[in-house]
Amino acid sequence: QVQLVESGGGLVQTGGSLRLSCAASGSIFSFSRMAWYRQALGKEREEVAHITSGGSTVYADAVKGRFTISRGNAKNTVYLQMNSLKPEDTAVYYCNIDLWGERNYWGQGTQVAVSS
């Protein structure tokens, strides 16, 4: 079994920054990618960014230049540095890990709220 624990959400003013953390534990030898998704109220869940086992990163257009996804020194840890936050970034942010297409797990989500 694999568990993902997210932290770092909160309330911030427009233009502020937050750093989300996700730590995966359990039966993980390696992962193919870890990703951050978000789901705003009344909207579908969307991918924000992902990082592959090789370190390649991909970002949604809405966050390019403002968000940075990175891997931590601890194994199976990923961060999302969010700068220049906007009210439209308000959502529940979820961490996801994909184990080479065989298994896929989600965290419980962390709320990010950006006030105008």
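Since we're looking at a predicted model, the values are computed, not measured. (Residues numbered from 1 in each chain as written. Predicted model: local features only at pLDDT ≥ 70, side-chain atom pairs only at ≥ 80, totals over all residues. Heavy atoms only, no water.)

**Here we look at the pairing of strand β8 (residues 77–82)**
Point 1. A large share of β8 lies buried, amounting to five of its six residues.
Point 2. Of the pairings in the sheet, the one linking strand β3 (residues 18–26) to β8 comprises six bridges and is antiparallel in character. Across the sheet, Cys22 pairs through a bridge with Val78, a residue of β8.
Point 3. Pairing analysis gives five bridges linking strand β7 (residues 67–71) to β8, with the strands arranged antiparallel. Residue pairing across strands places Arg71 opposite Val78, the latter belonging to β8.
Point 4. The turn linking β7 back onto β8 is made up of five residues, and Asn76 within it adopts a positive phi angle of 60°. (Buried < 20%, exposed > 50% of the residue type's maximum accessible area, 1.4 Å probe, protein only. Helix = DSSP H or I, 4+ residues; strand = E, 2+ residues; numbered from the N terminus. Pairing = 2+ DSSP bridges.)

**Quick word on the nonpolar core**
Point 1. In this structure, Met34, Trp36, Leu80, Met82, Tyr93 and Ile97 are the most contacted members of the largest nonpolar core, which totals 30 residues.
Point 2. Among the elements that make up this core, the one with the highest residue count is strand β9 (residues 91–99) (five residues). (Core = buried A, V, L, I, M, F, W, Y, C linked by side-chain atoms within 4.5 Å.)

**So, the pattern of salt bridges**
Point 1. Taken as a whole and assessed by the stated rule, the structure comprises five salt bridges.
Point 2. The salt bridge involving Glu47 is made with Arg33; its shortest N-O contact spans 2.8 Å. Of this pair, Glu47 sits in strand β5 (residues 46–52) while Arg33 sits in strand β4 (residues 33–39), and the two are 14 residues apart along the sequence.
Point 3. Here Glu47 falls in the partly exposed class, since its relative accessible area comes to 26%.
Point 4. The partner of Arg38 in a salt bridge is Glu46, with the nearest N and O atoms 2.8 Å apart.
Point 5. Judged by its relative accessible area of 38%, Glu46 falls in the partly exposed class. (Salt bridge = Lys/Arg side-chain N within 4 Å of Asp/Glu carboxyl O.)

**Structural notes on the packing of aromatic side chains**
Point 1. Applying the stated criterion across every chain, the model contains two aromatic pairs.
Point 2. Ring centres of Tyr37 and Trp106 lie 4.8 Å apart, and the angle between their planes is 65°; this geometry places the pair in the edge-to-face category. Placement of Tyr37 in strand β4 and of Trp106 in strand β10 (residues 103–106) is noted, with a sequence separation of 69 residues between them.
Point 3. By relative accessible area, which is 17% here, Tyr37 ends up buried.
Point 4. Residue classification places Trp106 among the partly exposed positions, given a relative accessible area of 38%.
Point 5. These aromatic residues form a ring-pair network of at least three members: Tyr37, Tyr94 and Trp106.
Point 6. One residue, Arg19, lies across the ring of Tyr79, its end atom 3.8 Å from the ring centre. (Phe/Tyr/Trp six-rings, centres within 6.5 Å; stacked < 30°, edge-to-face > 60°. Lys NZ or Arg CZ within 6 Å of the ring centre and 35° of its normal.)

**Considerations on the pairing of β9**
Point 1. Burial analysis of β9 places eight of its nine residues in the buried class, the great majority of the element.
Point 2. Two strands pair when backbone bridges link them, and β4 and β9 are joined in this way by seven bridges, in the antiparallel orientation. Following the sheet pairing, Trp36 is matched in β9 by Cys95.
Point 3. Pairing of β9 with strand β11 (residues 110–115) involves three bridges; the strand directions are antiparallel. Bridged to Tyr93 within β11 is Thr110.
Point 4. Direction of pairing for β9 relative to β10: antiparallel, over a ladder of four bridges. Paired with Asn96 across the bridge in β10 is Trp106.
Point 5. With antiparallel pairing between neighbouring strands as the criterion, β9 and β10 make up a hairpin whose turn holds three residues, including Trp100 at a positive phi of roughly 55°.

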